[in-house]
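Secondary and tertiary structure notes
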Amino acid sequence: MSLTRRTLLASSAAALAAPALAQTQGKIVVIGGGFGGASAARFLHRMGLDVTLIEPNAQYISCPFSNSVIAGLRDLSQQTFTYAALERQGIRLVRQMASQINTSVRRVTLADGVMISYDRLVLAPGIDLNFEALPGYDEAASNLMPHAWKAGAQTMLLRQQLEAMDDGGTVIISAPANPFRCPPGPYERASLIAWYLKNNKPRSKLLILDSKDAFSKQSLFTAAWKEIYGDRVEWIGLSGGGKVTEVKAKEKIFVTEFGEHKADVGNVIPPQRAGKIAISAGIADQTGWCPIDPVTFEAKLAPHIHVIGDACVGGGMPKSAFSANAQAKACAQAVAALLRGDNPVEPKLVNTCYSLVKPDYGISVAGVYAPAKGLLADVQGAGGVSAANAPASVRAAEAQYAEGWYKTITQEVFG
Amino acid sequence: MKERKTFRFATTTGGALTALLFCLCGSSLAAPQDVSQSPPGASACLSCHGAGETELPSLKALSALDIETAMDAFRTGARDATLMNRIAKGFTPEESRAIAQWLTTQGRAP
């Protein structure tokens, strides 16, 4: 493939859809078709730009609401999306794994050997579970003690194990240190599994072993657990001996510095890092995540590559679907400006994450972010969690809003 | 202002509503919006307040002034909300006005 810049927009329907940008030249490649990458592809293409999306899977199975699938409250089909709408829109979809990025000549090599050059690359590889970080926990172990932190077969495995468990059993979830995908996720999962146990296996218990002493929406979760689940849910933080140092998958044992905990169903949420290609291309730093410029999302370690979603770091934004989608829009604007030769406008970013404590009990965290001192920093005075002593009607409304958010964002990204 | 408007935007006057509905005719709801000209923060609104009907309040029938007024009331605390008060505090009145104006250009026929 040629490395020269191309002008492919002259007669495309996309150019007609966005005449203001029709003169912009440049070939954009997006790696990864999740909430970040698929959004970026759609918004960049909508601006009249030439976009190729590289994504090996025919379907996307979404993590938000997958905890409801684990608890038997939802079908996996409600989590499953295709790229048909993106293709209809005119986005070039390449169904391959991107295996290499040559940053100096701006070229991506696919698993089948095909090479695709770019002027700007949007990298949205999501997370890789770090199977080297926790002794005893590798991919084989995840078939016995699922992580269910990438939705799909793992989600269903955890659900099936819960359904097969005898009443009176113990479910253990281990949660990693920060940062990781979906900070409130382990605690929503604990809540909804507790709901399942309360209604189906009332003599059973749930234990959370945590590698940290504080977690997202902690006071709200803790109060709700006490109110709804009583002694059924127990949380042990870092200073109480909650850090898991090893797992013995065959025996379903979690080893901590303070002793061993044997589970009937064990869910290990392991440490994570940016998707493999970001690591192999040298775009991630020693922490395993990709530092970015807060205005353009351009990687600090490689020019012309913009990293969005769970793989990037650089401030206070949590690794969430909402963040990835919001970053995709801001990044698309910046990339379009850069290709025009304009200065990108400083963005403001928003995140909202809903969690369910039970089906009709929702809580949320929100934040507003702006570039400051090289980071996407929290805007002071904004953001925070749901009110502590809100009535049931407010919790019910937030549970409804969670559903509304999911419908809206998945429509925007995949619909 | 703290009566039961908590979960619902106040509807606007009949005239403004009619004008807006007219503008919304003929729009395509399938394609994503063009965010190339969106002011800071505005594009994120669409992740919850999109083109379709959901459990969340729709912005489609609101004028720019309605949205700006709501954002101001959320920011000052004059109006209750489950979440919007936390977000509105992250934007100045000027930013909120720009967002409100841009939002009412979305989903309209060209």
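Here the structure is a predicted model, which means the values were calculated and not measured.

Section: the overall build of chain A
Helix and strand counts for chain A come out as ten helices and 25 strands. Put simply, chain A has 415 residues, and 60% of those count as buried. Long-range pairs, those at least 24 residues apart, make up 65% of the contacts in chain A with a sequence separation of at least 6. Accessible surface, chain A: about 15800 Å² in total, of which carbon and sulfur atoms supply 51%.

Overview of the interface of chain B and chain A
The interface is formed by 31 residues belonging to chain B together with 44 residues belonging to chain A. Where chain B abuts chain A, roughly 3100 Å² becomes buried across the two surfaces, and 61% of that area is made up of carbon and sulfur atoms. Summed over the three residues of chain B that lose the most area to chain A, namely B:Pro32, B:Glu55 and B:Arg86, the buried surface amounts to 23% of that side. With its nearest N and O atoms 3.8 Å apart, the salt bridge here joins B:Arg86 to A:Glu398. Taken together, chain B and chain A are joined by 16 residue pairs in polar contact (both at pLDDT 80 or more). Every element with two or more residues in the side of chain B that touches chain A is listed here: helix H2 (42-45) and helix H4 (84-88) of chain B. Of the residues belonging to the side of chain B that touches chain A, the class tally is 14 nonpolar, twelve polar and five charged.

Thoughts on the environment of A:Cys290
Residues and elements named next belong to chain A. Counting through the fold element by element, Cys290 comes out in strand S19 (residues 290-291). Each C-alpha atom, one on Cys290 and one on Ala274, is 7.1 Å from the other, the two residues being 16 residues apart in sequence. Discounting residues that sit within four places of it in the chain, Cys290 has contacts with Ala274, Ala278, Ile283, Ala284, Val307, Ala311, Cys312 and Val313.

Quick word on helix H9 (residues 321-340) of chain A
Residue and element names in this part refer to chain A. Between its first and last C-alpha atoms H9 spans 29 Å; for 20 residues at 1.5 Å apiece the expected length is 28 Å, and the two agree. Most of H9 sits inside the fold, with 17 of its 20 residues counted as buried. Positive phi appears at Gly341, one or two residues downstream of H9, with a value of about 90°.

Description of helix H3 (residues 64-76) of chain B
Residues and elements named next belong to chain B. Compared with the 18 Å implied by 1.5 Å per residue over 13 residues, the 18 Å span of H3 between its first and last C-alpha is a close match. Asp66, Ile67, Glu68, Ala70, Met71, Ala73, Phe74 and Arg75 are the residues of H3 that are buried. Packed against the buried residues of H3 are H4 and helix H5 (93-103). Two residues or fewer past H3, Gly77 is found with a positive phi of approximately 90°.

Digging into the sheet that holds strand S15 (residues 253-256) of chain A
All names here are of chain A. Spatially, S14-S15-S16 is the arrangement adopted by the three strands of the open sheet, whose pairing is antiparallel. The sheet is open, and its two edges are formed by strand S14 (244-248) and strand S16 (259-262), each paired on a single side. Neighbour to neighbour, the strand axes of the sheet diverge by 25° on average, direction disregarded.

So, the confidence of the model for chain A
Residues at a pLDDT of 70 or more form 94% of chain A, whose mean pLDDT is 94. Note that residues 1-22 of chain A has pLDDT below 50 and, in this model, 35 contacts with residues that lie over four places away or in other chains.

With respect to the sheet that holds strand S8 (residues 115-117) of chain A
Residues and elements named next belong to chain A. If you trace the three strands from one edge of the open sheet to the other, you get S6-S7-S8, paired in antiparallel fashion. Both outer strands of the open sheet, strand S6 (98-102) and S8, are each paired with one neighbouring strand and no more. Direction aside, the axes of adjacent strands within the sheet are offset by 25° on average. Taken together, the four bridges between S6 and strand S7 (residues 107-110) define a ladder with antiparallel strand orientation. Considered in S7, the bridge of Ala98 is made with Leu110.

Digging into the packing of H9(A) against helix H10 (residues 392-414) of chain A
Residue and element names in this part refer to chain A. Remark: H9 packs on H10, axes separated minimally by 12 Å, with the N-to-C direction vectors making an angle of 40°. Put simply, H9 runs oblique to H10. For H9 against H10, the interelement crossing comes out left-handed. Facing H9, whose interface residues are Ala321, Phe322, Asn325 and Lys329, H10 presents Trp405, Ile409, Glu412 and Val413. Its residues assigned to classes, the contact of H9 with H10 shows five nonpolar, one polar and two charged.

So, the packing of aromatic side chains
Residue and element names in this part refer to chain A. Summed over all chains, the structure comprises 15 aromatic pairs over all chains. Grouped by ring-pair contacts, the aromatic residues Phe35, Tyr60, Phe65, Phe81, Tyr83, Trp405, Tyr406 and Phe414 constitute a single cluster. Lys319 extends its terminal NZ or CZ atom over the ring of Trp289, reaching a point 4.1 Å from the ring centre.

What counts and what doesn't
Residues numbered from 1 in each chain as written. Chains lettered and ligands numbered in written order. Predicted model: local features only at pLDDT ≥ 70, side-chain atom pairs only at ≥ 80, totals over all residues. Heavy atoms only, no water. Helix = DSSP H or I, 4+ residues; strand = E, 2+ residues; numbered from the N terminus. Buried < 20%, exposed > 50% of the residue type's maximum accessible area, 1.4 Å probe, protein only. Contact = heavy atoms within 4.5 Å. Areas by Shrake-Rupley, 256 points an atom, 1.4 Å probe, with all protein chains shown as cover. Buried area = accessible area lost by both parts, 1.4 Å probe. Salt bridge = Lys/Arg side-chain N within 4 Å of Asp/Glu carboxyl O. Polar contact = N/O pair within 3.5 Å; in protein donor to acceptor, adjacent residues only side chain to side chain. Nonpolar A, V, L, I, M, F, W, Y, C, P; charged D, E, K, R; others polar. Expected span 1.5 Å × (residues − 1). Pairing = 2+ DSSP bridges. Axes fitted to C-alpha atoms, helices over the stretch in contact; angles between N-to-C directions. pLDDT = per-residue confidence, 0-100. Parallel < 35°, antiparallel > 145°, perpendicular 65-115°, else oblique. Left-handed = near helix turned anticlockwise from the far one by under 90°. Phe/Tyr/Trp six-rings, centres within 6.5 Å; stacked < 30°, edge-to-face > 60°. Lys NZ or Arg CZ within 6 Å of the ring centre and 35° of its normal.

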